[in-house]
Amino acid sequence: MVKTYKRHTPLRLRGQGRYSIHLFIKRTLYRLKVMELEQENKLQEADILRISKLVAYAIDLKGTAEMEKIIDSKESILDSLAKMLEMMLTADINLTREKKLDVIHLLSKLKANKEHMQLVKGSIADQQQAFSKLYAASEHMFKKSQSAFGGD
């Protein structure tokens, strides 16, 4: 007597056939991919430290050309950062008293830095005004010299 065995697939779902097996495999692979992406995109403390270094570099005035446009963009970065810190203070994030004081201290530094940027921007505007006045005076002197020596 020859024994015959039924073909049994462990992944088969109650008689639904091969299609359900492929669907099960696709869903499983999708879930694994989602879990892998979640692990890759999870913010680590090192990521936050890199971002904070980038922000510090972005708002630093040293080594940059003192142009109003650049200072305006740095001011907007400061404003955004200050707004984020204020949101941290007002939201219920369970910050300790010391951490709240650190945030408040950082906010006061940001405001002082913004005032410094406004002073620098004001001095740039003063320099531009002085340059335009000097240019107008030189044009006036050029015209006078032209007329005095009988030029065109």
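Here, the structure is the one placed above.
### Some words on the nonpolar core
Step number 1: With 13 residues, the main nonpolar core has Ile 71, Leu 110 and Met 117 as its most contacted residues.
Step number 2: Elements with a contribution of two residues or more to this core: α3 (68-90) and α4 (97-148).
Step number 3: With six residues, α4 is the single largest residue contributor to this core.
Step number 4: Discounting residues that sit within four places of it in the chain, Ile 71 has contacts with Leu 61, Met 117, Val 120, Lys 121 and Ile 124.

### Describing the environment of Lys 69
Step number 1: For Lys 69, the position within the fold is in helix α3.
Step number 2: Looking at Lys 69, the relative accessible area reads 69%, which means it is exposed.
Step number 3: A C-alpha to C-alpha distance of 9.4 Å links Lys 69 and Lys 121, two positions 52 residues apart in sequence.

### Focus on the environment of Leu 107
Step number 1: Topologically, Leu 107 is positioned in helix α4.
Step number 2: With sequence-adjacent residues up to four places away left out, Leu 107 is seen in contact with Ala 82, Leu 85, Glu 86 and Leu 89.

### Thoughts on unusual backbone geometry
Step number 1: One non-glycine residue, Asn 94, lies in the positive phi region at around 60°.
Step number 2: Turning to its location among the elements, Asn 94 is positioned in the loop between α3 and α4.
Step number 3: Among the residues examined, Asn 94 registers a relative accessible area of 67% and is labelled exposed.

### A word on a nonpolar patch on the surface
Step number 1: Together, Phe 24, Ile 25, Leu 29, Leu 32 and Met 35 make up an exposed nonpolar region whose accessible area comes to about 470 Å².
Step number 2: As for its position among the elements, Ile 25 is in helix α1 (residues 18-41).

Definitions and cut-offs
- Residues numbered from 1 in each chain as written.
- Predicted model: local features only at pLDDT ≥ 70, side-chain atom pairs only at ≥ 80, totals over all residues.
- Heavy atoms only, no water.
- Core = buried A, V, L, I, M, F, W, Y, C linked by side-chain atoms within 4.5 Å.
- Buried < 20%, exposed > 50% of the residue type's maximum accessible area, 1.4 Å probe, protein only.
- Helix = DSSP H or I, 4+ residues; strand = E, 2+ residues; numbered from the N terminus.
- Contact = heavy atoms within 4.5 Å.
- Patch = residues over 30% accessible without salt bridge, like charges linked within 9 Å, V, L, I, M, F, W, Y side chains within 5 Å.
- Areas by Shrake-Rupley, 256 points an atom, 1.4 Å probe, with all protein chains shown as cover.
- Salt bridge = Lys/Arg side-chain N within 4 Å of Asp/Glu carboxyl O.

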